[in-house]
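Next come the chains, spelled out residue by residue.
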Amino acid sequence: TVRFRAALADGTVLHDSWEGEAPPLQVRVGAEPSDAALGWDLALPRMRVGQQVRLECGPSYAYGDAGAPPLIPPSSPVTFELELLSVRDLMSSHNPDEVDFVERYRELVATKERAKAGRATEGR
């Protein structure tokens with residue numbers, strides 16, 4: 001669970017869960033498909049609960065070349081301020097939606113491993 005603020009380079013605040021009524025956000029990171037921007041996928045697994053960081057993300061680590069119109073223009077850098085509030089292990093979840101997500105993730109990893117092994121044997 002993450003509290004965050006996101007702003008464009010011109011200072012336009014896109015989201016702020018420190019101010020107002022916006023609740024903290026629960027995201028799944030490190031799995032495909034991810035719920036988060038690539039910059040979050042790289043930063044959050046390295047954070048400790050309670051830690052706050054500021055990420056200045058170029059487009060490839062934020063919303064890409066396409067952006068997220070109309071709020072985020074194409075190729076926009078985004079600054080994220082994150083606070084990691086809590087961590088939950090999906091592997092031990094009893095929630096059917098989360099169990100399904102974990103199973104899909106395992107299948108994806110197995111498929112990638114088989115493809116990687118196939119490419120390795122083709123080169124021989």
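Predicted model only: the values in this text are computed from it and were never measured. (Residues numbered from 1 in each chain as written. Predicted model: local features only at pLDDT ≥ 70, side-chain atom pairs only at ≥ 80, totals over all residues. Heavy atoms only, no water.)

A.B. asks: What's the story with unusual backbone geometry in this structure? I'm lost.
C.D. replies: Negative phi is the rule for most residues except glycine; trans is the rule for most peptide bonds. With omega at 5°, the peptide bond leading from P69 into P70 counts as cis. You can see P70 is positioned in the loop between β3 (52-57) and β4 (78-84). The backbone of S75 sits at a positive phi, close to 55°, despite the residue not being glycine. Within the secondary structure layout, S75 lies in the loop between β3 and β4. (Helix = DSSP H or I, 4+ residues; strand = E, 2+ residues; numbered from the N terminus.)

A.B. asks: Looking at this structure, I do not really get the packing of aromatic side chains. What am I missing?
C.D. replies: In this description, an aromatic ring pair is defined by two values, namely the gap between the centres and the angle between the planes. Per the stated rule, a full pass over the model turns up three aromatic pairs. Consider the rings of F4 and W40, whose centres lie 4.9 Å apart with planes at 75°: the pair is edge-to-face. Taken together, the residues F4 in strand β1 (residues 2-8) and W40 in helix α1 (residues 38-43) connect sequence positions 36 residues apart. In this structure, F4 and W40 share a single accessibility class: buried. Members of the aromatic cluster, connected to one another through ring pairs, are F4, W40, Y63 and F80. (Phe/Tyr/Trp six-rings, centres within 6.5 Å; stacked < 30°, edge-to-face > 60°. Buried < 20%, exposed > 50% of the residue type's maximum accessible area, 1.4 Å probe, protein only.)

A.B. asks: Is there a simple way to think about the environment of V49 in this case?
C.D. replies: Structurally, the position occupied by V49 is in the loop between α1 and β3. Here the alpha-carbon distance between V49 and E83, two residues 34 residues apart in the chain, equals 7.9 Å. Those residues in contact with V49 that sit more than four places away from it in its chain are L84, L85, S86 and V87. (Contact = heavy atoms within 4.5 Å.)

A.B. asks: What is the right way to look at the pattern of salt bridges in this model?
C.D. replies: Two side chains with opposite charge may pair up if their charged atoms get near one another. Within the structure shown, the criterion is met by five salt bridges. As a salt-bridge pair, R5 and D16 come within 2.8 Å of each other at their nearest N and O atoms. Placement of the pair is R5 in strand β1 and D16 in strand β2 (residues 13-16), with a sequence separation of eleven residues. In this structure, E56 and R54 form a salt bridge, with 3.2 Å as the shortest nitrogen-oxygen distance. Assessed through its relative accessible area of 51%, R54 is described here as exposed. (Salt bridge = Lys/Arg side-chain N within 4 Å of Asp/Glu carboxyl O.)

A.B. asks: Help me out: how do you make sense of the sheet that holds β4 in this one?
C.D. replies: Strand pairing in a sheet relies on backbone hydrogen bonds. The paired strands run either parallel or antiparallel. Judged by pairing direction, the sheet is antiparallel, and its four strands sit side by side in the order β2-β1-β4-β3 without closing on themselves. The open sheet has two edge strands, β2 and β3, and neither has a second partner. Strand after strand, the sheet turns through a mean of 15° between neighbouring axes, direction not considered. The sheet contact formed by β1 and β2 spans three bridges and is antiparallel. When the bridges of β2 are listed, A7 appears paired with V13. (Pairing = 2+ DSSP bridges. Axes fitted to C-alpha atoms, helices over the stretch in contact; angles between N-to-C directions.)

A.B. asks: Looking at this structure, I do not really get the environment of G39. What am I missing?
C.D. replies: By the element assignment, G39 lies in helix α1. As for G39 and A62, which are separated by 23 residues in sequence, their C-alpha atoms are 6.3 Å apart. Not counting chain neighbours up to four residues away, the residues in contact with G39 comprise L55, C57 and Y61.

A.B. asks: I'm lost on the side chain of S76 in this one. Help?
C.D. replies: Its place among the elements puts S76 in the loop between β3 and β4. Among the polar contacts made by the side chain of S76, one reaches the main-chain carbonyl oxygen of P73 at a distance of 2.7 Å. Those residues in contact with S76, other than ones at most four positions away along the chain, are L8, P59, A62 and G64. (Polar contact = N/O pair within 3.5 Å; in protein donor to acceptor, adjacent residues only side chain to side chain.)

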